[in-house]
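# Commentary on secondary and tertiary structure
Single-letter residue listing:
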Amino acid sequence: MIQRYLLIIAAAMAAILSACSDDSLFVVEGRLADGVDRQISLSFFDGNGYKVMKTTSIDGSFRLEAVAPAYSLVSIADQDNNLLASAIVRNGDEISLKLDPAEPINSRASGNKPTEAFDAFIHDNAESIIKGDAASINAAVVEYIIGHRDSPESAALLTSVFRAAGNEVLADSLLRLLGPKARSRPLLNTFPALLASQLAVEVTANISARTLPAPGGKTMRVIPRDASLTLFAFADDDANRLDSALVLLRDITSRFPRKRLRAIHLSSVSDSISWARKAADDSTAAYDRSWNPVLVADRQWKSLAVPSRPFYVVIDSTGTQRLRTASADGVRRFVDDFLSR
């Protein structure tokens, strides 16, 4: 009888151990610091398409299972799509998350080496990430990839943390540094293709003179040779992004005469009346304003392959693109340096 019970217990333990080490899926278990019940989503690219799973935490705890044959970058978010944490997983992995919804940067992830290395990088560079300091973030990513060319987290850092806009050549160099063990197709996702589009010859080609719509139903002519530098600032509907672009434009055009620097705010906001009102309110500004709801798809701009907004393109008097960046500070530094020569 005792032997029978021992066999039953052994079988049960074997089943439990087998379930825990099931290499046909991965498991993510999490605990919310505030203990609040809320909807949690897990999303990732598995090499063929995006997968999204959802659950609701109970007393702040949740568990999700999914399938990822190769290393994938998993994002954990709340019901408002606020990113709470990330992990690098594949089948057989069991990830543990300690989430802080109030301060997501304080969330921690563990369970395998790539996840723990990625998590450590995020916390070691938390200050730069919170500030959005692209230069510091990129420098840290470069240093890490050079020292960990075959690590999956290097690919994840390049595709999800590195600020590639305006740094496409460097991003391409880092992509080429990655060893075979780091080149998981799900981790790289569409990054190589997007990067290639930014490095295409037509993307960086000279910008010629063009005619643009202006406030009041008028048009304006933009001719590169009329100024030492011309700045094109692409913006969209988002209030915070728009404000950051306008602060830059007001600041930079107040310090240089139009012959030295001409700046054009290119807006694609959906509400033309609202845009016209804002343009009128800012009529004393020294920069020009142009509106086109399908701006980045317009034939005049489509070849530039604007990757995000706000995005800035600076050309010289010959029409040569001298700077492509999403960083307002990067624009300030470049213009100040170029025009102070």
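Look up: the structure comes first, before these words.
Residues numbered from 1 in each chain as written. Predicted model: local features only at pLDDT ≥ 70, side-chain atom pairs only at ≥ 80, totals over all residues. Heavy atoms only, no water.

## Concerning the pattern of salt bridges
Scanning all chains against the criterion turns up 14 salt bridges. Across the pair Glu127 and Lys131 runs a salt bridge whose closest N-O atoms are separated by 3.0 Å. With Glu127 and Lys131 both in helix α3 (residues 126–131), this residue pair falls four residues apart, about one helical turn. For Glu127, a relative accessible area of 55% translates into the label exposed. Given the relative accessible area of 61%, Lys131 is considered exposed. Residues Asp251 and Arg255 are paired through a salt bridge, measuring 3.3 Å at the closest nitrogen-oxygen approach. (Salt bridge = Lys/Arg side-chain N within 4 Å of Asp/Glu carboxyl O. Helix = DSSP H or I, 4+ residues; strand = E, 2+ residues; numbered from the N terminus. Buried < 20%, exposed > 50% of the residue type's maximum accessible area, 1.4 Å probe, protein only.)

## A closer look at the nonpolar core
Among the nonpolar cores identified, the biggest contains 29 residues, and Phe118, Phe121, Val141, Leu158, Val161, Phe162 and Leu178 are the most heavily contacted of them. Mapped onto this core, the elements with two or more residues apiece are α2 (113–124), α4 (134–147), α5 (152–160), α6 (168–177), α7 (185–188) and α8 (191–199). Per-element accounting of this core gives the leading share, six residues, to α4. The residues touching Leu178, leaving out its near neighbours within four places in the chain, are Ile145, Arg149, Ser154, Ala155, Leu158, Arg183 and Leu188. Counting residues in each nonpolar core, the second largest holds 22 residues, with Leu231, Ala285, Tyr287 and Phe338 among its members. (Core = buried A, V, L, I, M, F, W, Y, C linked by side-chain atoms within 4.5 Å. Contact = heavy atoms within 4.5 Å.)

## Some words on the pairing of strand β9 (residues 210–214)
Across five bridges, the pairing between β9 and strand β10 (residues 218–222) is antiparallel. Along β10, the bridge assignment pairs Ala214 with Lys218. The antiparallel pairing of β9 with β10 creates a hairpin that spans three residues between the two strands, and Gly216 there sits at a positive phi of about 75°. (Pairing = 2+ DSSP bridges.)

## Observations concerning the sheet that holds strand β11 (residues 229–235)
Pairing in this open sheet of five strands is mixed, and the strands run β13-β12-β11-β14-β15 from one edge to the other. Each edge of the open sheet is held by one strand with a lone partner, namely β13 (288–291) and β15 (321–325). Along the sheet, successive strands turn relative to each other by an average axial angle of 15°, direction set aside. Bridging between β11 and strand β14 (residues 311–316) involves six bridges; their strand directions are antiparallel. Each bridged residue has a counterpart across the sheet, and for Leu229 the counterpart in β14 is Asp316. (Axes fitted to C-alpha atoms, helices over the stretch in contact; angles between N-to-C directions.)

## Brief notes about the packing of α2 against α5
Close contact between α2 and α5 brings their axes to 8 Å; oriented N to C, the two are set at 45°. As far as their axial angle goes, α5 and α2 are oblique. Note on packing geometry: the crossing formed by α2 with α5 is right-handed. Facing Pro114, Ala117, Phe118 and Phe121 of α2, the residues of α5 in contact are Pro152, Glu153, Ala156, Leu157 and Ser160. Within the contact of α2 with α5, the residues separate by chemical class into seven nonpolar, one polar and one charged. (Parallel < 35°, antiparallel > 145°, perpendicular 65-115°, else oblique. Left-handed = near helix turned anticlockwise from the far one by under 90°. Nonpolar A, V, L, I, M, F, W, Y, C, P; charged D, E, K, R; others polar.)

## A closer look at the side chain of Gln321
Tracing the backbone through its elements, the reader meets Gln321 in strand β15. Accessibility expressed as a relative area gives 13% for Gln321, which makes it buried. A polar contact is formed between the side chain of Gln321 and the backbone oxygen of Ala205, at a distance of 2.8 Å. Side-chain polar atoms of Gln321 contact the side chain of Arg324, separated by 3.2 Å. (Polar contact = N/O pair within 3.5 Å; in protein donor to acceptor, adjacent residues only side chain to side chain.)

## Some remarks on the environment of Ala286
Counting through the fold element by element, Ala286 comes out in the loop between α10 (272–281) and β13. Taking relative accessible area as the criterion, Ala286 reaches 45% and is therefore assigned partly exposed.

## Things to note about the sheet that holds strand β1 (residues 26–32)
Sheet architecture is open: four strands sit in the order β4-β1-β7-β8, paired in mixed fashion. This sheet does not close on itself; its edge strands, each paired only once, are β4 (61–66) and β8 (108–110). Along the sheet, successive strands turn relative to each other by an average axial angle of 15°, direction set aside. In this sheet, β4 lies alongside β1 in antiparallel orientation, the contact comprising six bridges. The partner of Val27 across the bridge, within β4, is Glu65.

That's the geometry; what it means functionally is another story.
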